[in-house]
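# Structure at a glance
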Amino acid sequence: MISGTWYTEIDLDGNATGKDSIVLKQYGHKVIGKSYFSIVGENGEIDTKVYEVCGVVKNDFFCAYWIDSSRRQKGIGAFTYRIEEDGRVLNGHGTYYDEIDNQLKHGDYKLFLNDFSTRHRQGKVWSDY
């Protein structure tokens, strides 16, 4: 079961940090939710986008797509994660459309369930993974 709030933090080309808070609800194999992705710039300014999330869980995998909630934006992405550490970590890869650069990009991503013990294992915080 992957219902809950998931977090990740990523470096965006060294100029900004992306922080994602994803609220997921699982109904059988189907998963729906919202992603609140905030970009924190060098000067501390914050820009937050909201994405609709829809996907499926099959065995140890979660496959989903993200679509920008704003009808005026083109944001979209597809991601596949392996469910790890007793369901507390989603480890995977995704491809998305970057509206600023007007190109497709991809990367490896690790999401952490809102669980203090997962994010602080061995003295690491979730941004260290």
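Conventions and cut-offs
Residues numbered from 1 in each chain as written. Predicted model: local features only at pLDDT ≥ 70, side-chain atom pairs only at ≥ 80, totals over all residues. Heavy atoms only, no water. Helix = DSSP H or I, 4+ residues; strand = E, 2+ residues; numbered from the N terminus. Buried < 20%, exposed > 50% of the residue type's maximum accessible area, 1.4 Å probe, protein only. Contact = heavy atoms within 4.5 Å. Areas by Shrake-Rupley, 256 points an atom, 1.4 Å probe, with all protein chains shown as cover. Salt bridge = Lys/Arg side-chain N within 4 Å of Asp/Glu carboxyl O. pLDDT = per-residue confidence, 0-100.

What follows deals with the overall build of the protein. The secondary structure content of the protein amounts to one helix and eight strands. Counting only residues that meet the buried cut, the protein has 36% of its 129 residues in that class. In the protein, the proportion of contacts linking residues at least 24 apart, taken out of those at least 6 apart, comes to 29%. Accessible area of the protein: about 7900 Å², with a carbon and sulfur share of 50%.

For the structure on display, the rule yields six salt bridges. Linking R88 and D86 is a salt bridge whose minimum nitrogen-to-oxygen distance equals 3.9 Å. Residue classification places D86 among the exposed positions, given a relative accessible area of 76%. Its salt-bridge partner being D98, residue K105 comes within 3.0 Å of it at the nearest N-O pair. Pair check on accessibility: K105 and D98 agree, each one buried. The network of salt bridges with common partners includes D98, D101 and K105.

Topologically, G33 is positioned in strand β3 (residues 30-41). As for G33 and G4, which are separated by 29 residues in sequence, their C-alpha atoms are 9.5 Å apart.

What follows concerns the confidence of the model for the protein. Looking at the protein as a whole, its pLDDT mean stands at 86, while 88% of the residues score no less than 70. Taking the mean pLDDT of every element in the protein, the minimum, 45, falls on helix α1 (residues 116-119) and the maximum, 97, on strand β6 (residues 76-84). Per-residue pLDDT stays below 50 along residues 116-129; that stretch engages in 24 contacts with residues further than four places along the chain or on separate chains.

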